[in-house]
Amino acid sequence: MSSVIDIEKLSLTFQTNDGPVHALSEIDLKIEEGDFVSFIGPSGCGKTTLLRVIADLEQPTDGTISVNGMTPNQARLARAYGYVFQAAALYPWRTIENNIALPLEIMGLSRAEQRERIKRNMELVNLSGFEKKYPWQLSGGMQQRASIARALAVEPDLLLMDEPFGALDEIVRDHLNDQLHQLWEKTNKTVVFVTHSIPEAVYLSTKIVVLCPRPGRIYDVIESDLPRSRTLDIRETPEFLKIAHRVREGLKAGHSYED
Amino acid sequence: MNECFLRPRGNALILSAATGLLALASLLSNAFGDDFPIVSVPRLTIAAVLLAVLGCAFALGFIRRLPGDIAILFSSLFSAYALIETVSEHPASSSGGFWLLTLAAWTCGWLFVERLAAWQAVGLGAKRVINLAIPLLFGVWLLILWQIVVTGFGVPKVLLPAPSEIWLRLTGSVPTLWADFQQTFLKAVLFGYAAGCGAGFVIAILVDRVPFLRRGLLPIGNLVSALPIIGVAPIMVMWFGFDWPSKAAVVIIMTFFPMLVNTVSGLAASDAMQKDLMRTYAAGYWQTLVKLRLPMAMPFIFNALKINSTLALIGAIVAEFFGTPIVGMGFRISTEVGRMNVDMVWAEIAVAALAGSLFYGLVALLEKRLTFWHPSQRG
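Residues numbered from 1 in each chain as written. Chains lettered and ligands numbered in written order. Predicted model: local features only at pLDDT ≥ 70, side-chain atom pairs only at ≥ 80, totals over all residues. Heavy atoms only, no water.

Under an unreviewed UniProt entry, the name given to chain B is NitT/TauT family transport system permease protein, and the organism recorded is Roseibium suaedae. Recorded under Subcellular location (unreviewed entry), the UniProt text for chain B is reproduced unchanged: "Cell membrane". (UniProt positions renumbered as here; feature names shortened; annotations may be inferred.)

In the nomenclature of an unreviewed UniProt entry, chain A is known as NitT/TauT family transport system ATP-binding protein of Roseibium suaedae. Taken directly from UniProt, the Sequence similarities (unreviewed entry) text for chain A runs: "Belongs to the ABC transporter superfamily."

Rendered as structure tokens:
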């Protein structure tokens, strides 16, 4: 089975007025089908940049990367992934259902097919009944769920999520983590997930990639041995805490390396 | 009836007391000259007594309900009628009592507006009507005071005609005004506005698409907008002849640049995340333009459309000062001023103001419809 994402010796250097910034350096990573992979690390460690490279929103300066066996550019043009941003980025002039229809219109799907996908994905994120609302009439958590439905409507096998719940409060975040986990279990998609939160990363992931800054690089890759099917209660178990501890140690060590 | 509705807000107490006292004082003074007291004119007496009673009663805490408010409206308008009728029989000789009563009628009118505002604060369904009624009443009182002051002080017609004279002239020369309106507004303004705004919009999209044009065309657009209309208008007359096309050309020059600049900044208004989103969908240039960037630019574009709606009218009227067939609003204004027919000038001004406001209002209404989603329109 070939990897969904295969990254070898990937580096990215931004040229700025203050000289070059090594955002990513010598990244090697394989992500298999059905994996839930989290990138975790302090600000400036390049975790979002790495996700954007996968999505063809940034160009690497060195190394190779393939997404579904294609270059990121080909994968983007083939609409091989769905991308969820830090903010919902819903268009305020479109109702929720029309926001979800946006990528479908661009893909040129038939009206009936659009309707069908909107209905299915709104049910999937528990937003049925809010079709005709405008984004600014919904709460932040609902907006983010709508943006996930929008990414899912493209029906990609790969979902890229950039701190999707970063702006939400703890309670809403727990709830959405649970929903996202169930969604992943149900659909068996490959998910790449960027986060700041250790419990979030450990709860959701099958594989946790700890990054550290200056230059952005991988410090540790942790394969989770937690069962695939989990509930939020798992966060109290010793196995969970053990993984969380290892992530925390990794974050600490990666940081002290610098200071 | 709601308790807080009965409580007078802010100025209402002062206004009602002033109404009562001013009306009482006027009852004891002369209306015209030295030997013509208010009480010798029946309608002025009725007005003064009404205002005095209502003002005092309200100030003392009575009639603060709907019937009282209706009485306040009725008496302020009746007083205005009485004052206007009487002063037209005795022009340019008003004295103290007359002006006291005028003041009383005006404060009474203001009191009614305060009461309307109080109704509004209570949220009595009719909010829309009240929102419309307040500026309307304000306008009516402006005309009433204008009429009274101009007649009462005997201001020469050349300086400022009374609204009634302007109205007479307006209704008496509808065919002329209509011909002028057709020539200036329906032809020059509308055509120039559509062409100027349309060209500004299209060029803005070109400028946005081609960086080379941004550097070349924007400065030229800037230069064109800085051209003085007084210099451009005669040249346009030489190029396009005396009739309306030369005025439309001036309007095009005036409206082009605001549209260009606003659309260019509007097209830059979508943020990086929204553009990245379109990129992840592999959306092309035109799809991104139609589905993201133009909707984002709408508030900017409507800004330009609103500014241009008034600029276009000014441009067309001024341009007619520099050569025109014997019809048109600007032509009429320039010739009638020369003949000291100032009431005709004011009639044209009234038509222009009305047309300009309606035009602006229509564009603003359209804006409300199309950019309902923008925080400034959500209300």
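Visitor: Please set out the overall build of chain B residue by residue, giving values where relevant.
Guide: When helices and strands are tallied, chain B shows 16 helices and zero strands. Scaling as 2.2 N^0.38, a compact globule of 379 residues should have a C-alpha radius of gyration of about 21 Å, whereas chain B reaches 27 Å, well beyond that. With the C-alpha coordinates aligned to their principal axes, the bounding extent of chain B is approximately 80 × 60 × 30 Å. Surface summary for chain B: the accessible area is close to 18400 Å², and the carbon and sulfur share equals 73%. In chain B, the 25 positive side-chain charges and the 18 negative ones have mean positions that sit 15 Å from each other. (Helix = DSSP H or I, 4+ residues; strand = E, 2+ residues; numbered from the N terminus. Rg over C-alpha atoms; globule rule 2.2 N^0.38 Å. Areas by Shrake-Rupley, 256 points an atom, 1.4 Å probe, with all protein chains shown as cover. Lys, Arg positive; Asp, Glu negative; His and termini not counted. Charge placed at Lys NZ, Arg CZ, Asp CG, Glu CD.)

Visitor: Go over the domain arrangement of chain A, please, and point to the residues and values.
Guide: Residue and element names in this part refer to chain A. For chain A, the assigned domains are domain 1 (5-80 + 157-256) and domain 2 (91-155). Put simply, the middle of domain 1 and the middle of domain 2, counted by C-alpha atoms, are 25 Å apart. Contact residues are listed per partner, giving 13 residues for domain 1 and 14 residues for domain 2. Interface area for domain 1 against domain 2, summed over the two sides, is near 1100 Å², with a carbon-plus-sulfur share of 71%. (Domains from an automatic or database assignment. Contact = heavy atoms within 4.5 Å. Buried area = accessible area lost by both parts, 1.4 Å probe.)

Visitor: Outline the side chain of Arg150 of chain A, supporting the account with residue identities and numerical values.
Guide: Mapped onto the secondary structure, Arg150 of chain A falls in helix α5 (residues 140-153). The charged side chain of Arg150 of chain A is buried without a salt bridge, its nearest counter-charge being Asp271 of chain B at 10 Å. Side-chain polar atoms of Arg150 of chain A contact the backbone oxygen of Ala89 of chain A, separated by 2.9 Å. What Arg150 of chain A contacts, discounting residues up to four positions off in sequence, is Ala88, Ala89, Leu90, Asn99, Ile100 and Pro103 of chain A together with Leu277 and Tyr281 of chain B. (Buried < 20%, exposed > 50% of the residue type's maximum accessible area, 1.4 Å probe, protein only. Salt bridge = Lys/Arg side-chain N within 4 Å of Asp/Glu carboxyl O. Polar contact = N/O pair within 3.5 Å; in protein donor to acceptor, adjacent residues only side chain to side chain.)

Visitor: So, the sheet that holds strand β6 (residues 158-162) of chain A: which residues are in play, and what are the values?
Guide: Residue and element names in this part refer to chain A. Overall, mixed pairing links the six strands, which are arranged β5-β6-β7-β3-β8-β9 in an open sheet. The sheet is open, and its two edges are formed by β5 (81-84) and β9 (217-223), each paired on a single side. Strand-to-strand twist in this sheet, taken as the mean axis angle between neighbours without regard to direction, amounts to 15 degrees. Where strand β3 (residues 36-40) and strand β8 (residues 207-212) come together, four bridges link them in parallel fashion. For Ile40, the partnering residue across the bridge sits in β8 and is Val210. The strands that α5 touches are β5 and β6; relative to β5, the one it contacts most, it runs at about 165 degrees. (Pairing = 2+ DSSP bridges. Axes fitted to C-alpha atoms, helices over the stretch in contact; angles between N-to-C directions.)

Visitor: For the packing of aromatic side chains, give the residues involved together with the corresponding values.
Guide: Residues and elements named next belong to chain B. Under the defined criterion, the tally for this structure stands at 24 aromatic pairs over all chains. With a centroid separation of 5.5 Å and an interplanar angle of 40 degrees, the aromatic rings of Trp106 and Trp110 are classed as tilted. Residue Trp106 and its partner Trp110 are both found in helix α5 (residues 96-122); the two are separated by four residues, about one turn of the helix. We classify Trp110 as partly exposed; its relative accessible area is 37%. Taking the centre distance of 5.8 Å and the plane angle of 25 degrees together, the rings of Trp178 and Phe181 count as stacked. Taken together, the residues span about one helical turn, with Trp178 and Phe181 both in helix α8 (residues 174-209) at a distance of three residues. On the accessibility criterion, Trp178 (45% relative accessible area) is partly exposed. Assessed through its relative accessible area of 16%, Phe181 is described here as buried. Aromatic ring contacts, followed pair by pair, group Phe32, Phe36, Phe98, Trp99 and Phe153 into a single cluster. (Phe/Tyr/Trp six-rings, centres within 6.5 Å; stacked < 30°, edge-to-face > 60°.)

Visitor: Can you tell me about the sheet that holds strand β4 (residues 62-67) of chain A, naming the residues and giving the values?
Guide: Residue and element names in this part refer to chain A. Here three strands make up an open sheet; going across it, the order is β2-β1-β4 and the pairing antiparallel. In this open sheet, the two strands that pair with only one neighbour each are β2 (19-31) and β4. Each strand of the sheet is rotated relative to its neighbour by a mean of 30 degrees, with strand direction disregarded. Pairing between strand β1 (residues 5-16) and β4: five bridges, direction antiparallel. Across the sheet, the residue bridging to Glu8 is Thr64, located in β4. Strands in contact with helix α1 (residues 47-54) are β1, β2 and β4; relative to β1, the strand with the most contacts, it is inclined by about 115 degrees.

Visitor: Residue-level account of the interface of chain A and chain B, with values.
Guide: Taken together, the 25 residues of chain A in the interface contact 18 residues of chain B. In this assembly, chain A packs against chain B so that about 2100 Å² is buried in total across both faces, 67% of it on carbon and sulfur atoms. Area buried by chain A at its contact with chain B is led by Tyr91, Trp93 and Ile106 of chain A, which between them contribute 32% of it. Viewed at the interface, chain B and chain A are joined by three salt bridges. Residue Lys291 of chain B is joined to Glu105 of chain A by a salt bridge in which the shortest nitrogen-to-oxygen separation is 2.8 Å. Joining chain A to chain B, the criterion identifies eight residue pairs in polar contact (both at pLDDT 80 or more). By residue number, the principal contributor to the side of chain A that touches chain B is helix α3 (residues 96-107) of chain A, which donates four residues.

Visitor: Any chance you could break down unusual backbone geometry for me, citing the residues and the numbers?
Guide: Note: most peptide bonds trans; most residues except glycine with negative phi. Of note, the bond from Arg214 of chain A into Pro215 of chain A is cis; its omega dihedral lies within 30 degrees of zero at -10 degrees. Relative to the helices and strands, Pro215 of chain A is located in the loop between β8 and β9. Phi is positive for Glu26 of chain A, which is not a glycine, with a value near 50 degrees. Mapped onto the elements, Glu26 of chain A comes out in strand β2. Since its relative accessible area comes to 47%, Glu26 of chain A is described here as partly exposed. A positive phi angle, near 60 degrees, is found at Ala92 of chain B, a position not held by glycine. With respect to the helices, strands and loops of the structure, Ala92 of chain B is situated in the loop between α4 (66-89) and α5.

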